[in-house]
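Working through the structure, step by step
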Amino acid sequence: MKAAFAVLLLGLTLVSCQASVRPRRAEDLTALRYRLTYVRVPEHAVDVEVVLVRDAPREFLFSQPGAVTTVAVHTEEGGVHPVAVREGRVSLPKGTRLLRYRYALDAVIREQGPDFFQGAGDGDARHVAGRAYLIRPLTVKPGMRVELAVSGADVLLPWQADEDGVYRLRGEDLVDSGFHGFGGRRCQVRLPDAVLDVAILGRFTHLSDAAVCTWLGKAAEEVRTVRRAFPHPRITVRVIPAPGHPGPSVFGMVRWSSPPSISISVGQDAVAADFARDWVAVHEMLHLTHPVFVPRVPWLSEGLATYYTEVARARSGRQDALQAWTELVDGFARAREGQESRSMQEAVSQDGFSLAVYWTGALFALHLDVELRRITGNTRGLDDVLELLARRGSSSTLGAFGAAVDAIAGQPLFNALLERHLSRPAFVEQAGLLEALGVQNGPNGVSLVPARDSLLRDSVVGRRSHGETP
Ligand SMILES: [Zn+2]
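Conventions used here
Starting afresh in each chain, residues are numbered from 1 along the sequence in its written order. pLDDT decides what is reported in this predicted model: residues at 70 or higher carry local features, side-chain atom pairs at 80 or more are listed and counted, and totals for whole chains, interfaces and linings draw on all residues regardless. The helix count covers DSSP runs of H or I at least four residues long, the strand count covers runs of E at least two residues long, and both are numbered beginning at the N terminus. Between the two quantities, the radius of gyration covers C-alpha atoms and the globule rule is 2.2 Å times the number of residues to the power 0.38. Exposure is read from a count of other C-beta atoms within 10 Å of each residue's own; the residue is exposed at 12 or fewer, buried at 20 or more and partly exposed in between. C-beta atoms are placed from the backbone. Throughout, a pair of residues is in contact if the C-beta atoms placed from their backbones lie within 7 Å. As a rule, the C-alpha atoms of each element are fitted with a line to give its axis, helices using only the stretch in contact, and angles between N-to-C directions run from 0 to 180 degrees. Oblique is the label for every angle not falling under 35 degrees (roughly parallel), over 145 degrees (roughly antiparallel), or within 65 to 115 degrees (roughly perpendicular). Handedness of a crossing is defined here by the sense of rotation of the near helix relative to the far one, left-handed for an anticlockwise turn of less than a right angle and right-handed for a clockwise turn. The classification used treats Ala, Val, Leu, Ile, Met, Phe, Trp, Tyr, Cys and Pro as nonpolar, Asp, Glu, Lys and Arg as charged, and all other residues, Gly among them, as polar. The span expected for a helix works out to 1.5 Å for each residue beyond the first. Marked domain ranges trace back to an automatic or database domain assignment. When DSSP finds at least two bridges between two strands, those strands are taken to pair. The pLDDT value expresses, per residue, how confident the predictor is, ranging between 0 and 100. In plain words, the nonpolar core is the set of buried Ala, Val, Leu, Ile, Met, Phe, Trp, Tyr and Cys residues that C-beta atoms within 7 Å link up.

**Focus on the overall build of the protein chain**
Within the protein chain one finds 14 helices and 23 strands. On C-alpha atoms alone, the protein chain measures out to a radius of gyration of 25 Å, which is about the 23 Å that the 2.2 N^0.38 rule sets for 470 residues. Its C-alpha atoms give the protein chain principal-axis dimensions of about 80 × 60 × 40 Å. Of all 470 residues assigned to the protein chain, the portion counted as buried reaches 43%. The contacts of the protein chain with a sequence gap of at least 6 include a subset with a gap of at least 24, amounting to 66%.

**Details of the packing of helix α6 (residues 298–315) against helix α7 (residues 321–336)**
Axes are the key here: two packed helices are described by the angle between their axes and the distance separating the axes. α7 packs onto α6 with a crossing angle of 165° between their chain directions and a minimal axis gap of 8 Å. For the element pair α6 / α7, the angle class is roughly antiparallel. Crossing angle aside, the handedness with which α6 passes α7 is right-handed. Mapping the contact onto sequence places T306, E310, V311, R313 and A314 in α6 and A321, A324, E327, L328 and G331 in α7. Looking at side-chain class alone, the contact of α6 with α7 contains five nonpolar, two polar and three charged residues.

**Comments concerning helix α4 (residues 209–223)**
Taking 1.5 Å per residue, 15 residues should reach 21 Å; α4 reaches 21 Å between its end C-alpha atoms and fits that length. Those residues of α4 that fall on the buried side of the exposure criterion are V212, C213, W215, L216, A219, A220, E222 and V223. Next to the buried residues of α4 lie β15 (185–191), β16 (194–200), β17 (234–242), α5 (280–286) and α6.

**What to know about the domain arrangement of the protein chain**
When the domains of the protein chain are assigned, the result is domain 1 (28–175), domain 2 (185–288) and domain 3 (292–461). Computed from C-alpha coordinates alone, the two centres of domain 2 and domain 3 are separated by 25 Å. Taken residue by residue, the interface counts 14 residues in domain 2 and 13 residues in domain 3. Looking at the side of domain 2 that touches domain 3, the elements with two or more residues in it are α4 and α5. The class makeup of the residues in the side of domain 2 that touches domain 3 is seven nonpolar, three polar and four charged.

**Here we look at the sheet that holds strand β6 (residues 89–91)**
Taken in spatial order, the three strands line up as β6-β3-β10 in an open sheet, and their pairing is antiparallel. At either margin of the open sheet sits one strand with a lone partner, and together these are β6 and β10 (136–137). In this sheet, β6 lies alongside strand β3 (residues 59–61) in antiparallel orientation, the contact comprising three bridges. Bridged to E59 within β6 is S91.

**What to know about the confidence of the model for the protein chain**
Confidence in the prediction of the protein chain, expressed as mean pLDDT, is 92, and 93% of residues score 70 or more. Taken together, the stretch residues 1–23 has pLDDT below 50 and engages in three contacts with residues farther than four places along the chain or on a different chain.

**Thoughts on unusual backbone geometry**
The residue after V41, namely P42, is reached through a cis peptide bond having omega 0°. Looking at the secondary structure, you find P42 in the loop between β1 (30–39) and β2 (45–52). Residue P295 is reached from V294 by a cis peptide bond, and omega for that bond is -5°. Considering the arrangement of structural elements, one finds P295 in the loop between β20 (292–293) and α6. Backbone geometry at D55 places phi at a positive 50°, although glycine is not the residue there. Here D55 is to be found in the loop between β2 and β3. If you check the backbone angles, N378 has positive phi at about 65° while not being a glycine. Structurally, the position occupied by N378 is in the loop between α9 (355–375) and α10 (382–392). Among the residues examined, N378 registers 17 C-beta atoms within 10 Å and is labelled partly exposed.

**Things to note about the nonpolar core**
Within the largest apolar cluster, 127 residues are counted, with the highest numbers of intra-cluster contacts made by V198, V212, L216, V223, V239, M285 and L286. Broken down by element, the residue count for this core peaks at 12 residues, all from α9. In contact with L286, not counting residues within four places along its chain, are V223, V226, A305, Y308, T309 and A312.

**Description of the pairing of strand β4 (residues 70–75)**
Consecutive side chains of a regular strand alternate in pointing toward one face of the sheet and then the other. Pairing geometry for β4 and strand β5 (residues 80–84), over five bridges, is antiparallel. Across the sheet, residue T70 finds its bridge partner in β5, namely A84. Hairpin connection of β4 to β5: four residues between the antiparallel strands, including G78 at a positive phi of 100°. Relative to strand β7 (residues 96–103), β4 runs antiparallel, the two sharing four bridges. Considered in β7, the bridge of A72 is made with R100.

**Observations regarding the sheet that holds β17**
As summarised here, the arrangement of the five strands in space is β15-β16-β17-β19-β18, forming an open sheet in which the pairing is mixed. Taken across any chain shown, the strands that pair with only one partner, and hence form the sheet edges, are β15 and β18 (249–255). Direction aside, neighbouring strands of the sheet carry axes that sit 20° apart on average.

**Thoughts on the packing of α7 against α9**
Between α7 and α9, the shortest axis-to-axis distance is 9 Å and the interhelical angle comes to 135°. The angle between α7 and α9 places the two elements in the oblique class. Note on packing geometry: the crossing formed by α7 with α9 is left-handed. Across from L328, G331, F332, R334 and A335 in α7, the residues of α9 making contact are L355, A356, Y358, W359, T360, A362, L363 and L366. Residue classes in the contact of α7 with α9 are distributed as 10 nonpolar, two polar and one charged.

Here it is in structure tokens:
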């Protein structure tokens, strides 16, 4: 009833728009108006113009500085002055009407080499991260609105434009503006509860665009074996050909724009059959199943995604249970090499994003899942922790993650288990855990045998199409 009334009012407003007096609309609250132009001559670049509309900030920032050294400031009086970018920051003088600069995409790629952030691409298509080329307000006032429009190329940004082609954003959308794709081709994946808009940013020698979208669609379906629904109604994925790489995915990354944006580089000479063994796409999409940890906890986010990469591919039937356990055991072994007696705490704090970060985290995720199932008689598990956290918002802390684990367990579990892992030699928990699960590693490889917790083991990787415990 309420909705019908609102629609009626909207109808009246639209009719009144035809009068000469411009009605007050959302855009009246717009602080900044961005205009991006994709330039091809003499080479690829993006021209950026930012108009200060009302109540606009005057302090700006390139989150990843370096490629733009000055911006041109246009004053209310009609003057134009260069203003230097210092440590990524730009302070606009009083009386500024707008600023302009060019992000010299191809020159940056030539100087720095192709890179997901500063620029990459093939033919007429380019990939670049907002943090490198798109200046943003240093601080964002609550309620700040921004309009953004793009000309010169079909573009794939994390957001959706309105029917006029204008992106109506919140100021905070620019804080991490994610990955952007200019030009290229598009395909779309439709899931029962989500859409993936895909940009293919270059030529592949063997792959069709349909094959690329089929591959991404299967990865997204695997994410749905962990969560009850796909974590976002719409996400964007950019696919970049990597020359000289014959295999499937070479590298992937997710940026926490709102909604998140994913980019993956794929061997330019890959064939569709290669995607059967690809894990990169599902790994990146599995990052969408957990909250963003603030401050960052790489061993936890990578541990969850790494553990579920094997679990989800078994749940979907892409690999059988034995393969999944073999992948986990092999991963633990690769990461364990050279750790000697280093504790997990030491291993994850010394190495940035090392194998130890991924696989000590994956072992801990497995252990958490198994303990939750033991305590609850195999009625709850790690999937339920992710579901609970998703209801609480898009970001979390390590402490709140632990509290969610304890809530699902119905008793304190997290802190004691974490302490056991962090303070003792990395992977020391592996042997006892796998023995209880009946995962044996012998001279002929991994075998699955009856054991105390082999029922839990089979529940973890059992076939399913939706996240549910067991
Ligand atoms: Zn990852």
